[in-house]
Amino acid sequence: MPLICDICGTLNRGNAMFCHGCTCRRSAFVASCPSALENLNVHAVPRPRGAARIALPAEAPAFWLRLCSFTLATSLAFLGWYFSR
């Protein structure tokens, strides 16, 4: 059932969360469960000021050294195979 926006008067679908004309949240829309962003904010714990930052594996210099070594070895193996034919 189409509904009219209280703010701008635009005709919207009955199940629309936002108005098509003014992009405001529809007053008739009621969420049945929390959104994904609300769930993320609930579980997010702020880090204390002096706390150490956890380094991801991709941030470690050893990761990049291994990746470059692997790429170089793979490239050399491919070139050796290609030119030996």
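What you are looking at is a predicted structure, and each value in this text was computed from that prediction instead of being measured. Residue numbers run consecutively from 1 along every chain, following the written order of its sequence. Reporting of local features is limited, given that this is a predicted model, to residues whose pLDDT is at least 70; pairs of side-chain atoms are given and counted only at 80 or more, and all residues count toward the totals for whole chains, interfaces and linings. Side-chain measures here rest on the full set of heavy atoms in the structure, leaving out hydrogens and waters.

Draft legend 1. Main features of the overall build of the protein. Numbering of helices and strands starts at the N terminus; helices are DSSP runs of H or I of at least 4 residues and strands are runs of E of at least 2. Scanning the protein for helices and strands turns up 2 helices and 2 strands. Element order for the protein, N to C, with α for helix and β for strand: β-β-α-α. Put simply, the protein has 85 residues, and 6% of those count as buried. Categorising residues by exposure relies on relative accessible area from a 1.4 Å probe, with only protein chains included: less than 20% of the type maximum marks a residue as buried, more than 50% marks it as exposed, and the intermediate range marks it as partly exposed.

Draft legend 2. Looking closely at the packing of aromatic side chains. Only Phe, Tyr and Trp rings are paired, with Trp represented by its six-membered ring, and only when their centres lie within 6.5 Å; those with planes under 30 degrees apart are stacked, over 60 edge-to-face, the remainder tilted. Counted according to the given criterion, the structure contains 4 aromatic pairs. Summarising the aromatic geometry, the rings of Phe-63 and Trp-64 are spaced 5.1 Å apart at their centres and angled 80° between planes, so their arrangement reads as edge-to-face. Relative accessible area serves as the criterion here: at 45%, Trp-64 is assigned to the partly exposed category. On the numbers, 5.3 Å between centres and 80° between planes, the contact of Tyr-82 with Phe-83 is edge-to-face. Three or more aromatic residues link up through ring pairs in this structure, and these residues are Phe-78, Trp-81, Tyr-82 and Phe-83.

Draft legend 3. Structural context of a nonpolar patch on the surface. Like charges are joined within 9 Å and nonpolar side chains (Val, Leu, Ile, Met, Phe, Trp, Tyr) within 5 Å, but only among residues with over 30% relative accessible area and no salt bridge; these make up the patches. The protein chains shown are the only cover counted for residues, whose accessible areas, like all others here, come from Shrake-Rupley with a 1.4 Å probe. A pairing counts as a salt bridge when a side-chain nitrogen of Lys or Arg comes within 4 Å of a carboxyl oxygen of Asp or Glu. On the surface, a cluster of nonpolar side chains totalling about 820 Å² of accessible area is made up of Leu-72, Leu-76, Phe-78, Leu-79, Trp-81, Tyr-82 and Phe-83. For Phe-83, the position within the fold is in helix α2 (residues 61-83).

Draft legend 4. Spatial organisation of the confidence of the model for the protein. Per-residue confidence from the predictor is given as pLDDT, running between 0 and 100. The pLDDT averaged across the protein works out to 76; a share of 60% of its residues lies at or above 70. Averaged pLDDT values over the elements of the protein bottom out at 56 in helix α1 (residues 36-43) and peak at 94 in α2.

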